[in-house]
Amino acid sequence: MERFPEGVLKPAFQERYRKLMGSEYELFLRFMATRPIPSIRLNPMKADPHRLRKRLESRGWRLEQIPWYDFGFWVLRGPERLGATPEHQLGLYYVQEAASMVPPVALDPQPRERVLDLAAAPGSKTTQMAEMMGWRGVILANDSNLGRANALSANIQRMGCPNVVVTVRDGRILPKVLSSRRFDRVLVDAPCSAVGEARRSWGALKRWSLRAVRRISRLQKSLALAGYRLLKKGGLMVYSTCTLDPEENEFVVLSLLREGAELVRPEILNLKARPGLTRWEDRELDPALSRALRIYPQDNDTQAFFVALIKKPLDAGGEC
Amino acid sequence: MEARLGREERITALLRERFGIDEIPEGYVLLSSARKARLVSTETLDFLDVASVAGVYVAKETPFGPHLSIEGSRLLGPLATKNVVEVDPEDVDAWMSGSDIEKGEVPGVEPGPVIVKSGEIYLGSGYYDGRRIRNMVSRARRSEQSQPLIDYTLRREKEERGEEF
């Protein structure tokens, strides 16, 4: 506890996360109190990753492979400002937290598909997916905030992705804006209480309140439903957040299961993750939720993340 | 739409004339506004009606000829047959920090806009005056020339012990 400045860990937060983490609560706090090793994602569309890795290592960098994404590396030794190097400015790599590479891997977008990234800024996952698609097909990358959308556009430019279009709309009204257009895959990496990011700064913990969690959970449900509506029948959607609160995760996915969605367990090699919760505060939840992934900081020494892979059945009916 | 096609033909002609780029890569389309061109995948065309931004900015027309962005040089540079200058790996940092590169006379390269590359890495375009390549990397894309390296594992260990790094 003494690792945290006074006032950072609110009593309500401590009570809730103690309940969530059980016997691992102290271990969880220990990881939350340290910054993670920074990580980068090499851009295979701009330079051969093997040669690029050699190039960086010849400059004195020390890199370690992130086991769940071929082009992801932890920077054990490297420059202080990873975003100010020539290689960064050339779009040869993106500074991206290791766990944040998981949602695109779970979604596995393919070349020539139509993909929607509903809450895309600043664009780490958008540009990762654009590269996974070999710069073919199309990603519609949306963000509701103009300033954040500008940062998104700048990152798309720097990483060189010609297969991305940017829209600046409230994600909740996208089904209306896009009319009958549907997508093969959808990523809803929803705005959240961002407890997972607290490893980098205390801001998210200072802002945390149960009231804010409940407010954002309502927004998350609306965004998830909008994303699901825009999914083709038989299509796949990832719902993810960088937080661990059940109200922002399992309860949002539950609202999709009620619409007829199916949950699929993502195949992510070499990633330690816990199953989604099927019980919370004396309430039994849908057993299918165990197919979602909870990634705790202490599991892989990353940010916290929640990832659920959702399938829209071929016989889905109604508005969805 | 006719006016737009006219602009696209104009930038295509400039790229052909200066760099010998005869065609756009298959599966992509060039879209032009007044003096700037963007490259988009053909599938993005279905969403242009709702897009604020589409694809990447690749080229613009300047009084000196066509200028390619870093991404334009990566996407279109491999199709260029002339006015491409290879620079030494050790010149990359200086170029990306905004410096000109002394090249002297480069056989086969005419004064004017040139595509700059170092091995497989495309560095955008510059203006070759017969002696040096003048830097045209935008300020937003420039980098710091050198930075001290940090041992992040050591930082981690110190933080775990509650020490300052």
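Preceding this paragraph is the structure being described.
Trainee: An account of the overall build of chain B is needed here, citing residue identities and associated values.
Mentor: Of regular secondary structure, chain B possesses 4 helices and 11 strands. In terms of overall dimensions, chain B is more spread out than a globule: its C-alpha atoms have a radius of gyration of 20 Å, far above the 15 Å expected for 165 residues. Each principal axis of the C-alpha distribution contributes one length, and for chain B these read about 65 × 50 × 25 Å. For chain B, the proportion of its 165 residues judged to be buried stands at 34%. Here the contacts in chain B between residues at least 6 apart in sequence split such that 54% fall between residues at least 24 apart.

Trainee: Hey, could you go over helix H11 (residues 250-257) of chain A for me, with residue numbers and the actual values?
Mentor: Residues and elements named next belong to chain A. The set of residues buried in H11 consists of Glu250, Val252, Val253 and Leu256. Angularly, the buried residues of H11 cover 160° about the axis, an arc narrow enough to put them on a single face. Buried residues along H11 sit against helix H10 (210-229), strand E9 (231-241), strand E10 (262-264), strand E12 (279-280) and strand E15 (305-311).

Trainee: Residue-level account of the interface of chain A and chain B, with values.
Mentor: In many analyses, interface size is given as the accessible surface area lost on bringing the parts together. Each partner contributes to the interface: chain A provides 45 residues, whereas chain B provides 41 residues. Looking at the side of chain A that touches chain B, the elements that each hand over two or more residues are strand E3 (72-79), helix H4 (86-89), strand E6 (138-142), helix H7 (146-159), strand E7 (164-167) and helix H8 (174-178) of chain A. A per-element tally of the side of chain A that touches chain B places E3 of chain A first, with 5 residues. In terms of residue class, the side of chain A that touches chain B is made up of 21 nonpolar, 13 polar and 11 charged. As judged from the 3 bridges shared by E3 of chain A and strand E11 (residues 149-151) of chain B, these two strands associate in the antiparallel manner.

Trainee: Break down the sheet that holds strand E2 (residues 36-41) of chain B for me, citing the residues and quoting the values.
Mentor: Residue and element names in this part refer to chain B. Spatially, the 4 strands line up as an open sheet ordered E1-E2-E4-E5, and their pairing is antiparallel. Each of the sheet's edge strands pairs with one partner strand only, and the pair in question is strand E1 (28-32) and strand E5 (65-68). Sheet twist, expressed as the average angle between the axes of neighbouring strands with direction ignored, equals 25°.

Trainee: Report on the pairing of E6 of chain A, specifying residues and quantitative values.
Mentor: All names here are of chain A. Extensive coverage of E6 is indicated by the burial of 5 of its 5 residues. Burial of the side chains of E6 extends over both faces: Val138, Leu140 and Asn142 are buried on one face and Ile139 and Ala141 on the other. Tracing the backbone out of strand E5 (residues 114-117), into helix H6 (residues 124-132) and back to the parallel element E6 gives a crossover that is right-handed. Strand direction decides the pairing type here: E6 and E7, joined by 4 bridges, are parallel. Bridging across to E7, Ile139 finds its partner in Val164.

Trainee: Quick one: what's the story with the nonpolar core, residue by residue and with numbers?
Mentor: Across soluble globular proteins, nonpolar side chains have a tendency to be buried as a group. All names here are of chain A. Residues Val102, Val188, Tyr239 and Ala308 are the most contacted members of the largest nonpolar core, which totals 136 residues. The element contributing the most residues to this core is H10, with 7 residues. Setting aside residues up to four positions removed in sequence, Val102 forms contacts with Trp68, Ile268, Leu271, Ile295, Phe305 and Val307.

Trainee: Describe the pairing of E15 of chain A, and please don't skip the residues or the numbers.
Mentor: Residue and element names in this part refer to chain A. Judged by how many residues are buried, E15 sits mostly within the fold: 6 of 7 residues are covered. Sheet topology places E9 next to E15; 6 bridges connect them, and they run antiparallel. Across the sheet, the residue bridging to Leu236 is Lys311, located in E15. As judged from the 3 bridges shared by E10 and E15, these two strands associate in the antiparallel manner. Its bridge partner lying in E15, Val264 is registered against Leu309. By the bridge criterion, 3 bridges tie strand E14 (residues 293-295) to E15 in an arrangement that is antiparallel. Within the sheet, the bridge partner assigned to Arg294 lies in E15 and is Phe306.

Rules used throughout
- Here the residue numbers are simple positions, counted from 1 along each chain's written sequence.
- For naming, the first written chain is A and the first written ligand is 1, with later ones following in the order written.
- The model is predicted, so local features are restricted to residues of pLDDT at least 70 and side-chain atom pairs to those at 80 or more, both for listing and for counting; the totals for chains, interfaces and linings are taken over all residues.
- Only DSSP runs of H or I with at least four residues qualify as helices, and only runs of E with at least two residues qualify as strands; both kinds are numbered from the N terminus onward.
- We compute the radius of gyration from the C-alpha atoms alone; for a globule the expected value is 2.2 Å times N to the 0.38, where N is the number of residues.
- Residues are called buried when their C-beta atom has 20 or more other C-beta atoms within 10 Å, exposed when it has 12 or fewer, and partly exposed otherwise; all C-beta atoms are positioned from the backbone.
- Whether two residues are in contact depends on their C-beta atoms, placed from the backbone: they are in contact if these lie within 7 Å.
- Comment: arc refers to directions from the helix axis out to C-beta atoms.
- Put simply, Ala, Val, Leu, Ile, Met, Phe, Trp, Tyr, Cys and Pro go in the nonpolar bin, Asp, Glu, Lys and Arg in the charged bin, and everything else, Gly too, in the polar bin.
- Two strands qualify as a pair provided DSSP detects at least 2 bridges between them.
- Each axis is a line fitted through C-alpha atoms, taken for helices only over the stretch in contact, and angles between the N-to-C directions span 0 to 180 degrees.
- Assignment of crossover handedness uses the view with strands pointing away from the viewer, where a clockwise path from the first strand over the helix to the second indicates a right-handed crossover.
- One nonpolar core equals one set of buried Ala, Val, Leu, Ile, Met, Phe, Trp, Tyr and Cys residues connected by C-beta atoms within 7 Å.

Geometric values such as these leave the question of function open.
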